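Here's the letter readout for the chains.
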Amino acid sequence: MKQLIKNHQKAFYAFMIFNTLVPLTNIAFAYSIKGIIDSGMSQNKEALTQAVLVGATVIFIYAALNFISLRLRNKLVRQIMSRYKNKVFQSILDRDYRDFSKEKSGKFISVLTENMKKIEQDYLHQYFNISKNLSLMIFSLLAMFIGNWFLTLLVIIASIIPMMISGFIGQKSASLQNSAMIADQKYLAKVKDILAGFLVIKSFNVKDAIFEDYSHESENLDEIYFIKGKFDVLANVISQLSGMIVFLVAFGGGMYLVFNGYTTIGSVTAIVQLVNFVVMPLNEIGMGMSKFREGQATLDAF
């Protein structure tokens, strides 16, 4: 990431500030819900009205901050990718002819098209999403600790193991991405060579041999993506399962605390809402880490 933001540090840090402020409004919203429920249960009309106004204000602040954050992100990504594409293309032009001729042109076409999309979508966007989701998780857990440390501890324990499994799957996906990238380049080069030699194929009537050659390359590519897809599905299932477990722990543990008089319904509702701000990022991080590692492998390959 350092090499990509080297010439865009001011824009990067400005965006990251807003990317961090947005999750704070989520925490404020959860506590506004607590105020609404507790004031409603106590039948305090004045406190209820004030809590509703606070909640509405938080929503508008969230919308404004989120809008600014997304605008800054899109502008930053555009600047980074524009400079990086030019840098890569310049490095291709600077190659010695002998070195250039050793590589098939399909590889360079793949680098300047598919690889660039991969870096933008799976590396940059996922990096920003992961940082935002991590901020939301950390702020939510801190707010939960303030509300009820015991319940928060249970939620953390329920979250750790799925996150470790997701990290392992992400490493495996990154390894498969390297294989997929090489297979993509070979496939593109093969198709380019076949189409470029179309006249020769017709002249010597070697359609069957060419078709067999193409089918072999295509099957290799499909097989790699099929295996990679199995790990993506596994990461998705684990993320969803971890979310359900965390919700069960939060609801079950919270209601036991209410029965024993250790907390209020409003506090449990706020904690459950904060748990939602842990579960949703946890799911997205699980899938996002796999894609981020794939994007990182693509970036490191060139």
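Relevant structure appears above.
Predicted model only: the values in this text are computed from it and were never measured. (Residues numbered from 1 in each chain as written. Predicted model: local features only at pLDDT ≥ 70, side-chain atom pairs only at ≥ 80, totals over all residues. Heavy atoms only, no water.)

Trainee: What exactly am I supposed to notice about the environment of F128 here?
Mentor: Position of F128 among the secondary structure elements: in helix α5 (residues 105–147). C-alpha separation for the pair F128 and M289, spaced 161 residues apart in sequence, amounts to 11 Å. If we skip the residues at most four places from it in the chain, F128 touches F12, F15, M16, N19, R73, L76 and V77. (Helix = DSSP H or I, 4+ residues; strand = E, 2+ residues; numbered from the N terminus. Contact = heavy atoms within 4.5 Å.)

Trainee: Is there a simple way to explain the packing of aromatic side chains in this structure?
Mentor: Aromatic rings considered in pairs are described by the distance between their centres and by the relative angle of their planes. A full pass over the atoms with the stated rule returns 5 aromatic pairs. Note on F12 and Y13: the rings are 5.2 Å apart at their centroids and 75 degrees apart in plane angle, and the pair reads as edge-to-face. Note on F12: relative accessible area 6%, which makes it buried. For Y13, a relative accessible area of 48% corresponds to the partly exposed category. Look at Y127 and F128: their rings are 5.8 Å apart centre to centre, the planes differ by 75 degrees, and that puts the pair in the edge-to-face class. With relative accessibility at 26%, the residue Y127 sits in the partly exposed group. One aromatic cluster is present, built from ring pairs that chain together F12, Y13, F15, Y127 and F128. (Phe/Tyr/Trp six-rings, centres within 6.5 Å; stacked < 30°, edge-to-face > 60°. Buried < 20%, exposed > 50% of the residue type's maximum accessible area, 1.4 Å probe, protein only.)

Trainee: Whenever I open this one, the nonpolar core confuses me. Can you help?
Mentor: As a rule of thumb, soluble globular proteins bury nonpolar side chains together. Counting residues in hydrophobic clusters, the biggest one holds 22 residues, and the most contacted among them are L4, Y84, Y123, L124 and F128. Listed by contribution, the elements that provide at least two residues to this core are α1 (2–5), α2 (9–41), α3 (45–93), α5 and α9 (265–301). In terms of residue count, the dominant contributor to this core is α5 (8 residues). Core analysis: the second largest hydrophobic core is formed by 21 residues, M137, A250, L257 and I285 among them. (Core = buried A, V, L, I, M, F, W, Y, C linked by side-chain atoms within 4.5 Å.)

Trainee: Just checking my understanding: could you explain the side chain of H8 for this structure?
Mentor: Topologically, H8 is positioned in the loop between α1 and α2. Polar contacts involving the side chain of H8 include one to the side chain of R83, which spans 3.5 Å. Those residues within four positions of H8 in sequence are excluded, and the remaining contacts are L76, Q79, I80 and R83. (Polar contact = N/O pair within 3.5 Å; in protein donor to acceptor, adjacent residues only side chain to side chain.)

Nothing here speaks to function; it is geometry throughout.
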